[in-house]
Amino acid sequence: MDANTTTIDTERFEYMQEYTQIYDFPGKSKSTVWKDFGFYKSPDTGCLDKTSAVCKICCALVKYCGNTTNLHTHLAKHRPKQYSNARAIKYDEVVMSIDEASFNREGSAGSSRSPPSSETVTATITCGSPPATTFPTVQTILMNSNHVQSLNNSLAQYLIANLLPPSVVDNTAFRNLMRVADQGYNMPPSQYFSESLIPQCYNETKQNIQGLLSNTENVTISTDVWTSNHTETEFVTLVVHMIDCNWEPHSFTLFTLEMDDDSDRMSTTLQSKLQHWRVPAAPVMVSNSDARIKSATDILGVRNISCLGNAISMAANDVLTSSGVPNTIEHCRSFVKALNRNGRDKTRFRKMQPETDDIELDSTGKWTTTFDMLLKICKKNETIQSIKQSDAFTTDTKSHVPNSEQIDKVKTIKNVLRPLRTAAKLLSDQGPSTASMILPVLRKLELTLAVKDEDQDYSTQLKRRVLDVLTSLYQDSNVRECLLVSSILDPRYKDLNFVDSAERKQGRAELADEATVLFRKSKGEHHVDLTVCHIKQEPGSENSCVAASNGSSVSIAAKDTSSAKRPRIEQDVGDDDDWLADVVSVKTEPKKSKTTLEETVLAEIDRYVSTEQTTTLPLQWWKNREAMYPILSRLVKKYMCITATNEQYDMTVSSDLQQKAWFNMRAMLPRDSVDKMVFLNKNFFKF
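Criteria and cut-off values
- Residue numbers restart at each chain and count upward from 1, following the sequence in its written direction.
- Under the rules for a predicted model, residues below a pLDDT of 70 receive no local features and side-chain atom pairs below 80 are neither given nor counted, while totals for whole chains, interfaces and linings still include all residues.
- Note that the side-chain values use all heavy atoms of the structure and ignore hydrogens as well as water.
- When DSSP locates at least two bridges between a pair of strands, those strands are taken to pair.
- Helix and strand assignments come from DSSP, with helices taken as H or I runs of at least 4 residues and strands as E runs of at least 2, each series counted from the N terminus.
- The contact definition used throughout considers only heavy atoms, calling two residues in contact when any of these lie within 4.5 Å.
- A fitted line through C-alpha atoms serves as each axis, taken over the contacting stretch for helices, and the angle formed by two N-to-C directions is quoted from 0 to 180°.
- Here the word oblique covers every angle except those under 35 degrees (roughly parallel), over 145 (roughly antiparallel) and from 65 to 115 (roughly perpendicular).
- Here the term charged refers only to Asp, Glu, Lys and Arg, the term nonpolar to Ala, Val, Leu, Ile, Met, Phe, Trp, Tyr, Cys and Pro, and the term polar to all other amino acids, Gly among them.
- Stacked, tilted and edge-to-face are the three classes assigned to paired rings of Phe, Tyr and Trp, where Trp is represented by its six-membered ring and a pair needs centres within 6.5 Å; plane angles under 30 degrees give stacked, over 60 edge-to-face, the rest tilted.
- Partly exposed describes any residue whose relative accessible area lies between the buried limit of under 20% and the exposed limit of over 50%, with all areas from a 1.4 Å probe on protein chains only and scaled to the type maximum.
- For a lysine, the NZ atom is tested; for an arginine, the CZ atom; a charge sits over a ring if that atom is within 6 Å of the ring centre and within 35 degrees of the ring normal.
- Polar contact is the term for a pair of N or O atoms within 3.5 Å; when the atoms are in protein, one must be able to donate a hydrogen and the other to accept it, and sequence-neighboring residues count only if both atoms are side-chain atoms.

Right, let's talk about the pairing of strand β2 (residues 52–55) for a bit. Across two bridges, the pairing between strand β1 (residues 37–38) and β2 is antiparallel. Opposite phenylalanine 37, over in β2, you have cysteine 55 as the bridge partner. Linkage of β2 to strand β3 (residues 61–63), two consecutive antiparallel strands, is achieved through a turn of five residues, within which cysteine 59 is found at a positive phi near 60 degrees.

Following this line, the structure appears as structure tokens:
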């Protein structure tokens, strides 16, 4: 062994002996808890580090503030039997004994201590008769090491990121892998992660979210009902959505609880959980039309809006279960299975068509894959029909080729599902879709699926089934009012051209009433002048705005031709002009000597409604005009945080393999780990 290695081993031995030994409480103390706790020495000062006490049983660090409350709590929680029985085992002396022979270069026990001659350092802690759950010896020695703490934290994050229960670390192969990766690291058991590290991560993340919720005026809730494959238990996960002061949308998973068929108990549990999380009054709750959730929210007096994606899926699945449709689809599946069963037939079929994509078998429970299968069969119909006359294909494949009558039905089903697939793709591509899209999408589907004179009875029947399902989910007057106001506050849909004049008036009246109430509540707050808008100049921008003393605005703009331009519905306005729209588009109006509250609010609404409808993303549009519309901008944060879809919808339409794997991992969690692990997986890495 060379001199450098000897020096390193000597330093390591001295460090372990000095800074990993647990020292008793200095002085006298009447509390018996100090039999089980002590202190480490600080490597920085060389004195006892009294900020955290060390449990002599499991070597966990417990915050010490001068009293022993936290120490008693730790023992009562993690060692209830020993704590309640006032254990007779004493840990008054912590003796570290080092095998002298391993540190004796000549192997004589009587010689002076010398650096070890092997790579293994044998160390033991003598603490009477420690419990069976005591950590391994090496772990006890190195518990105060920053390297070990980093490894423990990384393992906890690995469990969180992959939705794995803490019991994974007890797997023998996994422990061997970690031992090979770092010979000086001996993993603590799963109990250390489940009772210490993961709860610590949970509490820190929970405090961060509660702090955000306490400073948020409006939020909305969406629900996700799912079933565990591990226990066949049905769960519901609640997600809160909000918009911060910088007009950035945020979503946080709050909690997951078991579904209860009793509506009263379910509503009581939901109310208790929401109060515990300090959730502000939620304007609506977006759910996937689950009757139990709807009954519970009705008891709480919360508006319940059906997830638009789930409504589209319900309509599509209703079509697929209509009379005659299942048989037609089953014939198509039989053909696809027969074609893919024979490798030679599949290869010949590829060569006969210009497109190289294969016809994939649809997945159970995902109507979008069924539509894709039917669409490809229609596109490749000529090639499919030619299989019958070809001698190159097997009899099995030929016998499953759909006939002309079946193909006609396939085309009809495909034509009815096509607009639903387009709407589903629109919602998926939008990212965080908002409730303002619901009424426009429904109107588009109504026009696209309108029954025509040339439609056959089969097509008419399927179209009416789709429209009946969609209409029934959004008939409630309270839901319609909420959706109307949400659409008005979206600059893309504010003209409400997709509803009749009666609902248009109703939506604007509802907006005026709610804006007036909000203005009355906030009239004591600082009021922003409605005629002059002060915009902070962006760093490095060549555009500037000078506000004149008489209240009019003068714009000095140097247009940036390099910026991409977004299309507009009525007029094409460049990005720079859109950024200055609140300055250049404000019309100077004569000031009134006195205005009532209603007139002030109506003036703001009229000015907003009179602006040009645009396709700019709504949150960006309102961010540039927040000072111009002080009352409406607050309502926007209330209504634009209402989502059009929930996570359950993403599971049914998404083709992302990673997301599909996430849903499968969630479904395999044990019952006692579901709430914390789903919460941390969704929220921990956001902070």
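Past the structure itself, the notes keep going.
Once that is clear, we can look at the sheet that holds β3. Spatial ordering of the open sheet is given by β1-β2-β3, a layout of three strands whose pairing is antiparallel. Strands at the two margins of the open sheet, each flanked by one partner only, are β1 and β3. Taken together, the three bridges between β2 and β3 define a ladder with antiparallel strand orientation. Counterpart to alanine 53 in the pairing with β3 is valine 62. This element, helix α2 (residues 69–78), spans β1, β2 and β3 of the sheet and lies at about 135 degrees to β3.

Running from N to C, helix α5 (residues 146–161) and helix α7 (residues 190–214) cross one another at 80 degrees; their axes reach a closest spacing of 10 Å. The pairing of α5 with α7 is recorded here as roughly perpendicular in orientation. Along its contact with α5, which presents Gln149, Asn152, Asn153, Leu155, Ala156, Leu159 and Ile160, the element α7 presents Tyr192, Phe193, Leu197, Ile198 and Cys201. Here the contact of α5 with α7 is composed, by residue class, of nine nonpolar, three polar and no charged.

This part is about the packing of aromatic side chains. All told, the structure shown has 20 aromatic pairs when counted by the stated rule. Between tyrosine 493 and phenylalanine 498 the ring centres are 6.4 Å apart and the planes differ by 80 degrees, which places this aromatic pair in the edge-to-face class. Of the residues examined, tyrosine 493 reaches a relative accessible area of 18% and is grouped as buried. The class for phenylalanine 498 is buried, based on a relative accessible area of 17%. Linked through ring pairs, Phe25, Trp34, Phe39 and Tyr64 together constitute an aromatic cluster. Above the face of the tryptophan 662 ring, lysine 682 is positioned so that its terminal group lies 4.2 Å from the ring centre.

Let's shift gears to unusual backbone geometry. The phi torsion at leucine 163 lies on the positive side, around 50 degrees, for a residue other than glycine. The topology assignment puts leucine 163 in the loop between α5 and α6 (172–181). One non-glycine residue with positive phi stands out, namely tryptophan 247, at about 60 degrees. Tracing the backbone shows tryptophan 247 in the loop between β7 (234–243) and β8 (249–258). Among the residues examined, tryptophan 247 registers a relative accessible area of 3% and is labelled buried.

Okay, the side chain of threonine 616 next. On the secondary structure map, threonine 616 appears in the loop between α23 (597–609) and α24 (618–623). Residue class for threonine 616 comes out buried when judged on its relative accessible area of 0%. A distance of 3.0 Å separates a polar atom in the side chain of threonine 616 from a polar atom in the side chain of threonine 614.

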